[in-house]
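Remarks on the overall topology
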Amino acid sequence: MNLRIYHWLSVVLLSFSATAVPKVTQHDAIPVLLRRCVICHGQDAREGGLDLRTKGAMLKGKAFVSGKPNESAMIKRIVSRQCPPDKNISMAGIERMAPRELQTLRDWIAAGAPEIIQALKPIAINPEAREHWAFQPPKRPAIPQIAKRQSQIQNPIDAFLLRKVVANKLEYSPEASKLTLLRRVTFDLTGLPPTPAEMGAFEKDTSLTAFEKVVERLLASPAYGVRWGRHWLDLAGYSDSEGKRNADMIRDHAWKYRDYVINAFNADKPYNDFLMEQIAGDELVDYSNPDAIDANVIEKLVATGFLRMAPDGTSANPVNRVEDRIEVIGDELQILAGGVMGLTMKCARCHDHKYDPISQRDYYSFAAIFKAAYDEYNWLTPQPFSNQWAGSTRRHLEVMLPNERKAMETRNAKLDTEIKQLEEQRKAEKDKKKKTELKKKTDELKAKKNEQPLIRALWDRGESSPTYVNLRGNLGSPGPLVQPALPQVFSSKPFQPARATGKNKTGNRLALARWLTQPDHPLTARVWVNRVWKHHFGRGIVSSLDNFGKLGTPPTHPELLDWLAVELVEHKWSSKHLHRLICTSTAYRQSSLNPQLSTHKPSYSRMPMRRLDAEELHDGLLAITGRLNRRLGGKPDDVQVREGGYVTGKPGEGGWRRSIYIRQRRKHMMTMLETFDLPAMNPNCVTRINSTVVQQPLFLLHDKVVHDLSRKLAAEIQKEAKGIEPVIRLAYRKIVNRPPSKEELARTIGAMEELEREFTGAKQTGQHNKALAAVCHALFNSAAFLYID
């Protein structure tokens, strides 16, 4: 049955009979004024004291004479090109009115500026559409009882998986070796390799709970938040730059959101609170009084950076048109709907969704929930703007802790003294060159003084422009006027804003966040546990992570998905609880080898092998070679662009920090990370694709940094071990996290001896170190290092 929704506009005319329907109403004229005029005559800016958002405001400001367009001041100023002034064209999206738009205004005024009230027919939802599995609340299913398999069941996950494994006449693979398991779980939970000391401790621990203790240690490590925060930042589309334009302007304060995410994972912040804060953190706190700002207020505001991560080039003209702003809003809605709800709502932007019960009206009603913060007709630019039309002074809220304010005042007093001294020196200096240098230093200090501890946040402004459906997605073809609402397939009740904390807030996003985090919400918990599962097993129970709709991939184990979703909610939305269950299951502990298995089906009768992702490779190389600076948080480290376009991070005194702390620019991505498939966030990354291309082995083979790290590691190994066999054994433990096999040991000893003879023949000094460095380099290029078994 075709489940496409058909809906049409039903109009009740309060002032007109059915035989006198006006051809042009305020619903034709107001969208024109919103697009062309309210930038100067609207919510914040009211040039000449004139507000053009409603008929009443226009009459109050004498903008038009009813029935007489040619005598109307508004029409006269548009025709004479006084509005907008030539100097303002292309600034902050200001453009001249098109002839057909002007004609719409003339016709409306000539008809007496008629107004109607639209009464929209309820959206008809086919009952069968609501029966789709993902639109039903998850319920805890009974745990399967698998005969003669109790010894293989560590927790209910194994019961659900084994039922299908046995039905397919397969068996679980044997448990992986201790060191294989340790390497797997350490990379999975922290993104780093285990150290030789951790390997030794685990090998010595013969208790039945040895592995469980490892899992707990890793979950308590700060590196856990870095690793799993990175997964969320992919979903959010995190970037330290705006994108959209060649300039790729830097987002100086986005890193605070990155730190919020990492801290949230380390603290095991309940997932429902995590979502609530990111969607509506500004409506959870009152930040109107700067003196009452505390750490909780700042955390909640920083969290809303989730809705500020999409590419946004609207800080510059001419890419600050209404169409450009709508693209930013559309990207943010896609990130939220796909990443959190598992819905492809973007398909309904231009027409009713062809497969899922989401209408075009649903899309624009959903967008209206965000309108008081994201208003294309009252836009706030993401970067400071030099001209008065951009509203840059409206973009920043002063929110800092009292101790931060005091520290800033102390700093500024010190800077004032230094600036005064430099200005006096410059005044007395006669040498022009030195005078110029002194001026440069003075300007730098003045700029530093003007720095403010800003937050990249989204906040509700208490009111918004009306929302019209854009027919066929065309901004110039306004359809029915809609109000904030949830998709009708989930709720046909009128949308009720929540009571926000503080004044001048609509409470719309807070109502959405509370709806999304209801314990029985059909999508929220399912989508999150599916994503967590994917990062452990390489594939989600629903492989289409952002599409739980009709065209999405059906779940391979629907009862397991529901059991995990309910388990998450009933354990206070704890993500760490999910990790404990998954990582301690027999399924997770399996070897990757199973000759019975068809390699094409996710049967869970072996653990899939996977390649290190870009960050694991980068961070692992640094950790193994002792060049990893483990400092957490703060401003990102800058990148440097070398000859030939090679981009790398700038090391500090303690080496390089983890890749998440290196500036994530859309334009200048680190060469190593880009080579190994670090995604460009346009607008986000739902799931990473690991490619296998020739550039990858060539990079590791020839990259100078990798060679330098190999030499550094060789020197360290020689300090810890003596003799060719001990150093080779230690190199294997450090790099591939296991001892070499007999064959590997014999071959590597032979290769190293041959290299030493070669270097001796060439009369090169330090032959032993160079030979060992070559061995280390070869191991870094090996599948044993690059793949997790």
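This one's a predicted model, so the numbers in the text were calculated from it and none came from an experiment. Per-chain numbering applies: the sequence of each chain, read as written, is numbered from 1 onward. Totals for whole chains, interfaces and linings use every residue, but because this is a predicted model, local features are given only for residues with pLDDT of at least 70 and side-chain atom pairs only at 80 or more, for both listing and counting. Side-chain metrics in this entry use all non-hydrogen atoms of the structure; hydrogen atoms and water are not considered.

1. So, the overall build of the protein
Think of it this way: any DSSP run of H or I at least four residues long counts as a helix, any run of E at least two long counts as a strand, and we number them from the N terminus. Looking only at helices and strands, one finds 30 helices and 10 strands in the protein. The globule rule puts the C-alpha radius of gyration for 789 residues at 28 Å, and the 31 Å found for the protein is close to it. With respect to the principal axes defined by its C-alpha atoms, the protein has extents near 100 × 90 × 50 Å. Throughout, exposure labels follow a simple rule: accessible area from a 1.4 Å probe, protein chains only, divided by the maximum for the residue type, with under 20% read as buried, over 50% as exposed, and the rest as partly exposed. Residues classed as buried in the protein amount to 56% of the 789 residues present. For the protein, the distance from the average position of its 118 positive side-chain charges to the average position of its 90 negative side-chain charges is 2 Å. Radius of gyration: over C-alpha atoms. The globule rule applied is 2.2 Å multiplied by the number of residues raised to the 0.38 power. Charge assignment: positive for Lys and Arg, negative for Asp and Glu; neither His nor the chain ends contribute. In this description, the location of a charge corresponds to atom NZ of lysine, CZ of arginine, CG of aspartate or CD of glutamate.

2. Some points on empty space enclosed by the protein
A pocket here means an open set of points on a 1 Å grid, computed over the protein atoms alone, that has protein on both sides within 12 Å along at least five of seven lines. A cavity is instead a set of points where a 1.4 Å probe fits but cannot get out; residues with an atom within 4 Å of a point line either one. Grid points are joined across faces, edges and corners, and a volume is the space filled by probe spheres set on the points. What the rule picks out here adds up to 9 cavities of 30 Å³ or more. If you add up the space inside the largest cavity, you get close to 250 Å³. If you trace the largest cavity, you find 21 residues lining it, with I326, Y364, E376, T467 and N470 closest to the centre. Those elements that provide at least two residues to the lining of the largest cavity are helix 1 (26-36), helix 14 (322-341), helix 15 (360-368) and strand 3 (467-470). Gly is placed with the polar residues, together with every amino acid not listed as nonpolar (Ala, Val, Leu, Ile, Met, Phe, Trp, Tyr, Cys and Pro) or charged (Asp, Glu, Lys and Arg). Residues of the lining of the largest cavity, tallied by class, amount to 15 nonpolar, 3 polar and 3 charged. Put simply, the second largest cavity is a space of about 130 Å³. Surrounding the second largest cavity, 15 residues form its lining, Q664, R665, M669, L678 and P679 being those nearest its centre. Among the residues making up the lining of the second largest cavity, the classes are represented as 9 nonpolar, 2 polar and 4 charged.

3. Overview of the packing of helix 7 (residues 178-190) against helix 10 (residues 222-236)
Axes here mean lines fitted to C-alpha atoms, for a helix over just the part in contact, with angles spanning 0 to 180 degrees between N-to-C directions. One way to put it is that helix 7 packs onto helix 10 with a least axis distance of 6 Å and a crossing angle of 70°. Put simply, helix 7 runs roughly perpendicular to helix 10. Facing helix 7, whose interface residues are F187, D188, L189 and T190, helix 10 presents A223, Y224, R227 and W228. Under this scheme an angle from 65 to 115 degrees is roughly perpendicular, one under 35 degrees roughly parallel, and one over 145 degrees roughly antiparallel; angles in between are oblique. Two residues qualify as a contact provided that any one of their heavy atoms is within 4.5 Å of a heavy atom in the partner residue.

4. Quick look at helix 9 (residues 210-219)
Those residues of helix 9 lying buried are A210, F211, V214, V215, L218 and L219. Tucked into the core, helix 9 has its buried residues touching helix 7, helix 8 (196-204), helix 10, helix 21 (575-583) and helix 22 (586-589).

5. Some details on the domain arrangement of the protein
Domain start and stop positions are those given by an automatic or database domain assignment. The assigned domain composition of the protein is domain 1 (7-120), domain 2 (150-228 + 521-602), domain 3 (270-388 + 457-516), domain 4 (401-451), domain 5 (611-700) and domain 6 (701-788). Here domain 1 and domain 3 have C-alpha centroids that lie 26 Å from each other. Between domain 1 and domain 3, the residue contacts involve 20 residues of the former and 27 residues of the latter. Taken over both partners, the interface formed by domain 1 and domain 3 buries close to 2,100 Å², and the fraction arising from carbon and sulfur atoms is 51%. Take a side-chain nitrogen of Lys or Arg and a carboxyl oxygen of Asp or Glu: if they are within 4 Å of each other, that pair is a salt bridge. Where domain 1 packs against domain 3, one counts 3 salt bridges. Nitrogen and oxygen atoms within 3.5 Å of one another constitute a polar contact, given that in protein one can donate a hydrogen and the other can accept it, and given that sequence-neighbouring residues count only through two side-chain atoms. There are 7 residue pairs in polar contact (both at pLDDT 80 or more) connecting domain 1 and domain 3. In terms of residues, the side of domain 1 that touches domain 3 owes the most to one element, helix 1, which gives 6 residues. A class-by-class count of the residues in the side of domain 1 that touches domain 3 yields 8 nonpolar, 7 polar and 5 charged. When two components associate, each loses some accessible surface as probed by a 1.4 Å sphere; the sum of these losses over both components is called the buried area.

6. Focus: the confidence of the model for the protein
Averaged over all residues, the pLDDT of the protein equals 91, while 94% of them reach at least 70. Note that pLDDT drops below 50 for residues 1-19; the model gives that stretch 44 contacts with residues more than four away or on any other chain. Counting interchain partners and residues more than four positions distant, the pLDDT-below-50 stretch residues 386-395 has 29 contacts. The quantity called pLDDT is the predictor's confidence in a given residue, expressed from 0 to 100.

7. Re the side chain of D460
For D460, the position within the fold is in the loop between helix 17 (432-449) and strand 3. Buried and unpaired, D460 has R509 as its nearest opposite-charge partner, separated by 4.5 Å. Residues within four places of D460 in sequence aside, it is in contact with D282, E283, Y287, A372, A373, N504, K505, T506, G507 and R509.

8. Some points on a nonpolar patch on the surface
Exposure above 30% relative accessible area and the absence of a salt bridge qualify a residue for a patch, where like charges join within 9 Å and nonpolar side chains (Val, Leu, Ile, Met, Phe, Trp, Tyr) within 5 Å. Only the protein chains shown count as covering a residue, and every accessible area follows the Shrake-Rupley method with a 1.4 Å probe. On the surface, a cluster of nonpolar side chains totalling about 260 Å² of accessible area is made up of V694, L698 and L701. Structurally, L698 can be placed in helix 25 (residues 695-702).

9. Remarks on the nonpolar core
The nonpolar side chains of soluble globular proteins are, as a tendency, buried together. The criterion is simple. A nonpolar core is a set of buried Ala, Val, Leu, Ile, Met, Phe, Trp, Tyr and Cys residues joined through side-chain atoms within 4.5 Å. Membership of the largest hydrophobic core comes to 133 residues, with the highest contact counts inside it found for W232, Y257, F306, L512 and W533. For this core, the leading source of residues is helix 14, giving 8 residues. In this structure, this core is formed jointly by two domains, domain 2 (150-228 + 521-602) and domain 3 (270-388 + 457-516), each of which donates at least three residues. For F306, the residues in contact, after removing those within four places along its chain, are W232, L235, A236, Y257, Q278, E332, I335, L336 and V340.

10. Section: the packing of helix 10 against helix 19 (residues 524-537)
Where helix 10 meets helix 19, the closest approach of the two axes is 12 Å, and the angle between their N-to-C directions is 120°. Taken together, the axis directions place helix 10 and helix 19 in an arrangement best described as oblique. Crossing handedness for the pair helix 10 and helix 19: right-handed. Here W228, H231, W232 and L235 of helix 10 lie close against helix 19, whose contacting residues are W528, R531, V532, H535 and H536. Among the residues making up the contact of helix 10 with helix 19, the classes are represented as 5 nonpolar, 3 polar and 1 charged. The sense of a crossing depends on the near helix, which, turned anticlockwise from the far helix by less than a right angle, makes the crossing left-handed and, turned clockwise, makes it right-handed.

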